[in-house]
Amino acid sequence: MLIGIPREPDPSQPLVAATPDTVGKLIKLGYTVAVESGAGAHAAFSDDAFRAAGATIVGPEVWDADVVTTLDTPPAQYRERMRAGATLIARLAPARHEELVGALARENLTALAIDAIPRISRAQSMDVLSSMANIAGYRAVIEAANHFGRLFTGQVTAAGKIPPATVYVIGAGVAGLAAIGTANSLGAIVKATDLRPEVAEQVESMGAQFVAIPAAAEESEDGYAKEMNEAQAEAAAKLYAAESAAADIVITTANIPGRTSPILLTAADVDAMQPGSVVVDMAAANGGNCELTRPGEIFRTEGGVTIIGLTDLAGRLPSQASQLYGQNIVNLLKLLTPAKDGKLSLDLDDEIVRSITVTASRQGPSVTGQQVAEPAADNEAVIYWPPPPVKVSAAPTAAAEPPAAEEAPEAEKSPWPRRLWAGFGLLLGVALVLASPAAVSADYLVLMLAIVVGFYVITAVTHSLHTPLMSETNAISGIILVGAVLQVGSTNLAVSVLAFIAIVIASINIFGGFTVTHRMLAMFRQEA
């Protein structure tokens, strides 16, 4: 099958649906790839780069391909160029454009909404919303820094002390966490709030302080926070107002696909902020989280607060954003092309495939699994939208209580066995010092203290750290091995026996350490 990568119909869209890197991966799946001339120009990908990756450079006939992938829904005049039964993969936003579903069916196209990927672990590599949100979260902080007019990091100079900026992030999803990490790396003091209390650990791991909402909402089954009741909304509004008034920069990220963005900051909240403060509304494309946001604009209020309502934050980093989007497409096609033979197939028993299938043409890819009603006309595609809900939750599963007879965790065990062994080692060392000649008694004393200290250090380390600890002690074991080799030929039988035992133990530690380290590193390697 031929995959077509056209130049984006919207001249303001700088991204492209594939890069030279992802084109090579599509070809490995058995597809032939055609790229419209100039498609990657705005993202710094030349036609020569695509050609070198194995793609064919074509003109407007790219719309004749079996599979066409774009960033957003192509206008009707472009879809009319596609042949009946062709497949369109794009961010279709079918939940917000119900009329589009019927149009796609009448055009007899198989339409896959890649922005409808469910929020489940298996689908993370295909989730374009998360990929673009990650880029947008980073760019939001850069835009804020550009309009802030002060340093993010605090400094102490000869001319005086400069305090760090305070950044408050509302929403700790992918975009929020990206913004938190970027602001923290720039040296700002970062605070964050989310309706889901279970994300507090993630926020704190990024170096920010989690500010919890009293009586926070629970997470819904689709992976997003449930709608708050009146009491919860009132408590959240008070918190947002108080924290935004104390912050230099506020970044809002509450954006749920298919729904209008909720208002988190009112005009009164903005008026209470200090002059020179900045608000970055990352939900501006869906109406905005700030009451004063103007989608697509940057303006300054009468109170001196700059409100950034850009709707193309990810598009301001076109090369990286195109690469991530293209990789999401590759990962999706890996699922849809299990035989890697370049033939698309839709298994509607797969919850990912079912969630993104908007329409399916009889003349298009093979469709297996559950079926729906026949189309009204033979020349129309079957409508599969909306899909059945997919239950998902990011909240950790509550651990079952251990049985009463279960052994207590190591941290709760009595320290007396360790103390008894340490006491035995101490007594043995004292005996050796008293029984040894005066010339070597000091050496035995050092050995005794080393044994006791080493015993306490090693036994105090949790078991989960024993593997890296063993790897790090390979150098020490090597020193022991060298010393034992030098002493194994001693005329004293006791010295030779002890040296041999030291050689065996040190060798086990060295080779075992390298073996386990190799296995650990293999866990992080990915296939090309």
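Worth saying up front: this structure is predicted, and the values here are computed from it rather than measured.

1. Some remarks on the overall build of the protein chain
Then step 1. A tally of helices and strands in the protein chain yields 16 helices and 19 strands.
Then step 2. Across the 528 residues that make up the protein chain, the buried fraction comes to 43%.
Then step 3. Considering only contacts in the protein chain between residues 6 or more positions apart, those separated by 24 or more positions represent 63%.
Then step 4. Working note: accessible area of the protein chain is about 27,500 Å², and carbon and sulfur atoms make up 60% of it.

2. Thoughts on the sheet that holds strand E13 (residues 278-281)
Then step 1. If you walk across this open sheet you meet the seven strands as E11-E10-E9-E12-E13-E15-E14, and the pairing is mixed. Of all the strands in the sheet, the pair left with one neighbour each is strand E11 (209-210) and strand E14 (298-300).
Then step 2. Here helix H5 (residues 128-148) sits on the sheet in contact with strand E12 (249-252), E13, E14 and strand E15 (306-308), set at roughly 155 degrees to E13.
Then step 3. Where helix H6 (residues 174-185) meets the sheet, its contacts fall on strand E9 (166-170), strand E10 (189-193) and E12, and the angle it forms with E10 comes to roughly 165 degrees.

3. Side note on the nonpolar core
Then step 1. Among the nonpolar cores identified, the biggest contains 48 residues, and Ile5, Ile89, Ile114, Tyr325, Leu333 and Leu336 are the most heavily contacted of them.
Then step 2. When residues of this core are traced back to their parent elements, those giving at least two are strand E1 (2-5), helix H1 (20-28), strand E2 (32-36), strand E4 (67-72), H5, helix H10 (318-336) and helix H11 (351-356).
Then step 3. In contact with Ile5, other than residues within four places in its own chain, are Val16, Ala17, Ala18, Val33, Ala34, Val35, Glu36, Ala39, Val62 and Thr69.

4. Some thoughts on the pattern of salt bridges
Then step 1. The full count for this structure, using the stated rule, is 14 salt bridges.
Then step 2. Linking Glu243 and Lys191 is a salt bridge whose minimum nitrogen-to-oxygen distance equals 3.7 Å. Highlighted residues: Glu243 in helix H8 (residues 230-246) and Lys191 in strand E10, separated in sequence by 52 residues.

5. Observations regarding the packing of aromatic side chains
Centre distance and the angle of the planes are the two values used to describe a pair of aromatic rings.
Then step 1. Throughout the structure, instances matching the rule amount to three aromatic pairs.
Then step 2. When the ring of Phe45 is compared with that of Phe50, the centres are 6.4 Å apart and the planes differ by 65 degrees; the resulting orientation is edge-to-face. Each member of the pair, Phe45 as well as Phe50, is classed as buried.
Then step 3. Arranged with centres 6.1 Å apart and planes meeting at 90 degrees, the rings of Phe148 and Phe152 form a pair that is edge-to-face.

Here is what the cut-offs are and how they apply
- Residues numbered from 1 in each chain as written.
- Predicted model: local features only at pLDDT ≥ 70, side-chain atom pairs only at ≥ 80, totals over all residues.
- Heavy atoms only, no water.
- Helix = DSSP H or I, 4+ residues; strand = E, 2+ residues; numbered from the N terminus.
- Buried < 20%, exposed > 50% of the residue type's maximum accessible area, 1.4 Å probe, protein only.
- Contact = heavy atoms within 4.5 Å.
- Areas by Shrake-Rupley, 256 points an atom, 1.4 Å probe, with all protein chains shown as cover.
- Pairing = 2+ DSSP bridges.
- Axes fitted to C-alpha atoms, helices over the stretch in contact; angles between N-to-C directions.
- Core = buried A, V, L, I, M, F, W, Y, C linked by side-chain atoms within 4.5 Å.
- Salt bridge = Lys/Arg side-chain N within 4 Å of Asp/Glu carboxyl O.
- Phe/Tyr/Trp six-rings, centres within 6.5 Å; stacked < 30°, edge-to-face > 60°.

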